Amino acid sequence: MTSPETRSVIVEREFAFPPEKLWRALTQPHLMEEWLMKTDFEPVVGRKFNLRGEWGGVLDGEVLTVEPNRTLAYTWDFNHDDPAYNLTSVVTFTLTPTAQGTHLRMEQAGFRPDQPQAFGGASQGWRQFLDNLDQLLARGAE
Amino acid sequence: MPEAHDTLFRTLADPTRRAIFERLCRDGEQTVAALTARAGVSQPAVSKHLGVLKQAGLVRDRPEGRQTHYSAQLEALAPLADWTGRMNGFWENRFDHLENLLTRMDQ
């Protein structure tokens, strides 16, 4: 999945709640919908599911790893007729218990640096804004 | 720089505020009155949006007589200029929602 041309994004945060509670929020569809996206997810390896963004886009996922309260990984792909919009990536959540609660690490790996269009999770307006961004920045540099 | 991403995403998440900022990017420096004429919201609302943009470092104000002129600070967008920065902002934002959900969930 990862090759020299791909990059990853890592976001980490400490939550004042036990891993078991985070695990529920990460794996139960009705809870996932509240913080991530609408989905028919099931924490079963090999299970295919969709994540439906409020902007109308649909992401395809397949569950890769399920280690309750510790590790969850799934593919996060966006297929578009125009290859420039395609996105193939893997999202991995790692939960580590701490004295105060749980340290959560999210790594999204596998996307290419030349696919700025494939931004999953933004509203249409936000996406348009990002599409214009490079142009705005180029003008600012003049 | 997760905090910087987060602030930028929050600040630009509002469509009216984003439109004001885009106008400043396109048309250059403008007064509150000129921005209000095309924003579709009241002058106090425009001033409030400009205040939030200023706090995020996205606009700069320059008083001249009784008027204040606003201009876009494009360099403040640098964290969003690359794909990883954008995705980072997306996840930071989702983690905020997750934190909020966890506080509302029963044990």
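A few points on the structure. (Residues numbered from 1 in each chain as written. Chains lettered and ligands numbered in written order. Predicted model: local features only at pLDDT ≥ 70, side-chain atom pairs only at ≥ 80, totals over all residues. Heavy atoms only, no water.)

1. Here we look at the overall build of chain B
So, step 1. Check the secondary structure of chain B and you find five helices and three strands.
So, step 2. Across the 107 residues in chain B, those meeting the buried criterion constitute 48%.
So, step 3. Looking at chain B alone, contacts between residues at least 24 apart form 56% of all its contacts between residues at least 6 apart. (Helix = DSSP H or I, 4+ residues; strand = E, 2+ residues; numbered from the N terminus. Buried < 20%, exposed > 50% of the residue type's maximum accessible area, 1.4 Å probe, protein only. Contact = heavy atoms within 4.5 Å.)

2. Notes on the nonpolar core
So, step 1. Formed by 36 residues in total, the largest nonpolar core has its most connected members in Trp 35, Leu 36, Tyr 74, Trp 76, Phe 93 and Leu 104 of chain A together with Trp 91 of chain B.
So, step 2. The dominant element in this core, judged by the number of residues it contributes, is helix H5 (residues 83-104) of chain B, at seven residues.
So, step 3. Core analysis: the next-biggest nonpolar cluster, separate from the first, contains 18 residues, Val 46, Leu 50, Tyr 70 and Leu 74 of chain B among them. (Core = buried A, V, L, I, M, F, W, Y, C linked by side-chain atoms within 4.5 Å.)

3. With respect to the pattern of salt bridges
So, step 1. Scanning the entire structure with this criterion turns up 13 salt bridges over all chains.
So, step 2. As a salt-bridge pair, Glu 33 of chain A and Lys 38 of chain A come within 3.9 Å of each other at their nearest N and O atoms.
So, step 3. The class for Lys 38 of chain A is partly exposed, based on a relative accessible area of 48%.
So, step 4. We note a salt bridge from Glu 42 of chain A to Arg 47 of chain A, for which the minimum N-O separation is 2.8 Å.
So, step 5. Judged by its relative accessible area of 28%, Arg 47 of chain A is partly exposed.
So, step 6. What emerges from the salt-bridge pattern is a single network uniting Arg 13 of chain A together with Glu 92, Asp 96 and Glu 99 of chain B. (Salt bridge = Lys/Arg side-chain N within 4 Å of Asp/Glu carboxyl O.)

4. Let's talk about the side chain of Arg 13 of chain A
So, step 1. Along the polypeptide, Arg 13 of chain A turns up in strand S1 (residues 7-15).
So, step 2. A distance of 2.8 Å separates a polar atom in the side chain of Arg 13 of chain A from a polar atom in the side chain of Asp 96 of chain B.
So, step 3. Excluding residues within four positions of it along the chain, Arg 13 of chain A makes contact with Thr 102, His 103 and Leu 104 of chain A together with Glu 92, Phe 95, Asp 96 and Glu 99 of chain B. (Polar contact = N/O pair within 3.5 Å; in protein donor to acceptor, adjacent residues only side chain to side chain.)

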